[in-house]
Amino acid sequence: MLDVTRPWLEVETFALAFDGHEAFPDEGCANLANKIIDEFSKSAKTLENLTLTELRACLFFEQRRCHHSYRATSQNRVSGYCPVCLPSIRWNHIFADMWAVFTDACMAGPIAHHRMSVVAAISKYDNVAYKRRSAQMKGNAEAGRSAYGAASMKATEAFVPAPQRLFEDEIVMDFLPRPVQFLLRRSAIRAVFLSLLEASAPGIRGAMLCRTRRIDDAVRNAIHQGLPALVILGAGLDTRPYRFTESADVNIVEIDLPSVQEFKKTCLLRKFGALPSHVRFVHSDLNTEQLDTALETGRLNSSKPAIFLWEGVSQYLQPNAVDSVLASISKRPKGTVLVFTYVLQEVITGIYRSDRSEAFRKSASRQPEPWHFGVDPRQLRAFLAARGLSLRHDFGAEEHQTDYLRPVGRILEVSEIERVAIAIV
Ligand SMILES: C[S@@+](CC[C@H](N)C(=O)[O-])C[C@H]1O[C@@H](n2cnc3c(N)ncnc32)[C@H](O)[C@@H]1O
């Protein structure tokens, strides 16, 4: 943990471990830092309202300012600012650290993070080699952290009494690193973790568990209707291809970033001794590569409809990448089904309609993978229609409560900020 009494050099190293220009492109980082420094001169409380990303961007920018301008002047300015900024960052980091320990315990994540900080300490920030190596490590360590997070959350459902359990997933626990399994199996540790999570991001667990059940129902329904293929975009550690007995006759293509997919294949080999023959693995970065290409590589039959599953992924893509994915799906044969989740646009824009979104945004800003895309539910139908898809269902917290939780008397808060939609070509 960073000690604010340590020399400025250490603060600089910490500041540069985050790229403020990447988080707030163009003049965004400078504008934010200048605005905050002005407001800070009037009230130190200004910092309390900032997210972790904003705090880190401000600290980053002050380091850059010191580096490029007359040091004494800059340091005078910074001396009043960083001592207040750093503890705020520290408290914001506590939750993220716990989550990382919980989900990453024995994986490449912490090792790569440690290596990154060592590299950062011994390299000059502007050094090209450092930038390249840090980007590579970041890619491996962070790209799929959300996949481990989603899987950990799903694994907790196995400990809920059977009559109230939303879904059965006996496989997902085996996909988690052993230390995480060990922690998850301890009811006291689980309870502390879940209550911290609930306090920090109310309803996020409920939303993830209910979306899993909702999507299970939708995918099973589509398979029963005879759709012969299932494509899972951003599959992460999704276990549906291995726990749905009906899926053995369905051709399945799993698409994800290379590092996440390699990790999953290792888990599958460990569990089953071989990769299941009904699943093809295609790695693709949907932000930069075309879904059409990935589908060709996965040998998806282009003359038959398929089910596309896109759970917990669209928010990580740039809006133009979302358009490109939807354009590719809309070209598939009539009867093709898309089951997907999306977050409310207000979480992305920062113009909130409810406190709930604000709480969730703070939580999202602590995640290593930033969110870029959301939709206003009132515009979803038109949004999809403009992209060649027809909206069939759009489920939110209220529908989840009515369909799944109230009937079994389960009290679980469900966040309103993520919804599950079903559309067809
Ligand atoms: C929250 S996880 C969801 C995983 C899985 N669908 C589930 O619900 O359990 C998000 C997934 O999206 C993947 N992802 C994020 N950005 C991506 C991109 N640009 N291209 C492909 N996959 C991506 C991540 O690697 C991760 O597996």
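Just so it is clear, the model here is predicted, and its values are computed rather than measured. Counting from 1, residues in each chain are numbered in the order their sequence is written. The model is predicted, so local features are restricted to residues of pLDDT at least 70 and side-chain atom pairs to those at 80 or more, both for listing and for counting; the totals for chains, interfaces and linings are taken over all residues.

A. Examining the overall build of the chain more closely. The helix count covers DSSP runs of H or I at least four residues long, the strand count covers runs of E at least two residues long, and both are numbered beginning at the N terminus. Summing up its helical and strand segments, the chain has 19 helices and seven strands in all. The contact rule is simple: place each C-beta atom from the backbone, and if two of them lie within 7 Å, those residues are in contact. Counting contacts in the chain only where the partners sit at least 6 residues apart, residues at least 24 apart contribute 76% of the total.

B. Seen up close, the sheet that holds strand E3 (residues 279-283). At least two DSSP bridges between two strands are needed for those strands to be called paired. Read from one edge to the other, the open sheet built from seven strands follows the order E3-E2-E1-E4-E5-E7-E6, with strand pairing classed as mixed. Each of the sheet's edge strands pairs with one partner strand only, and the pair in question is E3 and strand E6 (390-395). Neighbour-to-neighbour, the strand axes of the sheet open up by a mean angle of 20 degrees, direction not taken into account. Relative to strand E2 (residues 251-256), strand E1 (residues 229-233) runs parallel, the two sharing five bridges. Within E2, the position partnered with Leu 230 by the bridge is Ile 252. The sheet strands contacting helix H13 (residues 258-272) are E2 and E3, and the helix crosses E3 at an angle near 150 degrees. For helices, the fitted axis covers only the stretch in contact; all axes are lines through C-alpha atoms, and the angles between them, taken along N-to-C directions, range from 0 to 180 degrees.

C. Representation of the nonpolar core. In these notes, a nonpolar core means any group of buried Ala, Val, Leu, Ile, Met, Phe, Trp, Tyr and Cys residues linked to one another through C-beta atoms within 7 Å. Put simply, a residue is buried when 20 or more other C-beta atoms lie within 10 Å of its own C-beta and exposed when 12 or fewer do; between those, it is partly exposed, and each C-beta is set from the backbone. Leu 230, Val 231, Leu 233 and Leu 309 are the most contacted members of the largest nonpolar core, which has 51 residues in total. For this core, the element with the most residues is strand E5 (residues 337-343), which contributes six residues. Not counting residues within four places of it along the chain, the set of residues in contact with Leu 230 comprises Val 219, Ser 247, Val 250, Ile 252, Ala 306, Ile 307 and Leu 309. In this structure, Ala 150, Ala 155, Val 172 and Val 180 belong to the second largest nonpolar core, which totals 28 residues.

D. Region of interest: the site of the ligand. Nearness rests on one distance test: the residue's C-beta atom, set from the backbone, must lie within 6 Å of the molecule or strand. Not every one of the 21 residues close to the ligand is listed here, only the nearest: Ser 146, Ala 147, Gly 234, Gly 236 and Gly 312. A total of three residues in the shell around the ligand trace back to one element, the largest contributor, which is helix H8 (residues 145-156).

E. Highlighting the pairing of E3. With five bridges connecting them, E2 and E3 associate as parallel partners. Bridge pairing in E3 places Ile 252 opposite Val 279.

F. Structural view of the pairing of E2. The element E2 is extensively covered by neighbouring structure, given that five of its six residues are classed as buried. Looking down the strands as they point away from the viewer, one classifies a crossover as right-handed if the path from the first strand across the helix to the second runs clockwise. Traced from E2 through H13 to E3, the parallel crossover comes out right-handed.

G. Local environment of the environment of Ser 277. You can see Ser 277 is positioned in the loop between H13 and E3. You can call Ser 277 exposed: it has 7 C-beta atoms within 10 Å. Between the alpha carbons of Ser 277 and Asn 251 there is a distance of 9.1 Å; along the sequence they are 26 residues apart.

H. Local environment of unusual backbone geometry. Even without being a glycine, Asp 26 presents a positive backbone phi close to 55 degrees. With respect to the secondary-structure elements, Asp 26 resides in the loop between helix H2 (20-23) and helix H3 (28-42). In this structure, Arg 299 takes a positive phi of about 55 degrees despite not being glycine. Positionally, Arg 299 belongs in the loop between helix H14 (291-297) and strand E4 (307-310).

I. Region of interest: the environment of Gln 164. Mapped onto the elements, Gln 164 comes out in the loop between H8 and helix H9 (178-185). What makes Gln 164 partly exposed here is the crowd of 15 C-beta atoms within 10 Å. Discounting chain neighbours no more than four positions away, the residues touching Gln 164 are Val 408 and Arg 410.

J. Layout of the confidence of the model for the chain. Looking at the chain, the pLDDT average stands at 81 and 76% of residues meet or exceed 70. The predictor attaches a confidence to each residue, called pLDDT, with possible values from 0 through 100. Across residues 1-5, confidence stays below pLDDT 50; counting only partners more than four residues off in sequence or on other chains, it has seven contacts. This model gives residues 101-141 a pLDDT under 50, and the stretch forms 45 contacts once residues within four places in sequence are excluded.

K. Highlighting helix H4 (residues 52-68). To estimate the expected span of a helix, count its residues, drop one, and scale the result by 1.5 Å. Here H4 spans 24 Å end to end across 17 residues, near enough to the 24 Å set by a 1.5 Å rise per residue. Of all 17 residues in H4, 14 are buried, a share of seventy percent or more.

L. Fine view of the packing of H3 against H4. It is the contact of H3 with H4, at a shortest axis distance of 9 Å, that shows an interaxial angle of 95 degrees. Relative to H4, the element H3 is oriented roughly perpendicular. Along its contact with H3, which presents Cys 29, Ala 30, Leu 32, Ala 33 and Ile 36, the element H4 presents Glu 54, Ala 57, Cys 58, Phe 61 and Glu 62. In terms of residue class, the contact of H3 with H4 is made up of eight nonpolar, no polar and two charged. An angle below 35 degrees is read as roughly parallel, one above 145 as roughly antiparallel, one from 65 to 115 as roughly perpendicular, and any other as oblique. Under this grouping Gly is polar, as are all residues other than the nonpolar Ala, Val, Leu, Ile, Met, Phe, Trp, Tyr, Cys and Pro and the charged Asp, Glu, Lys and Arg.

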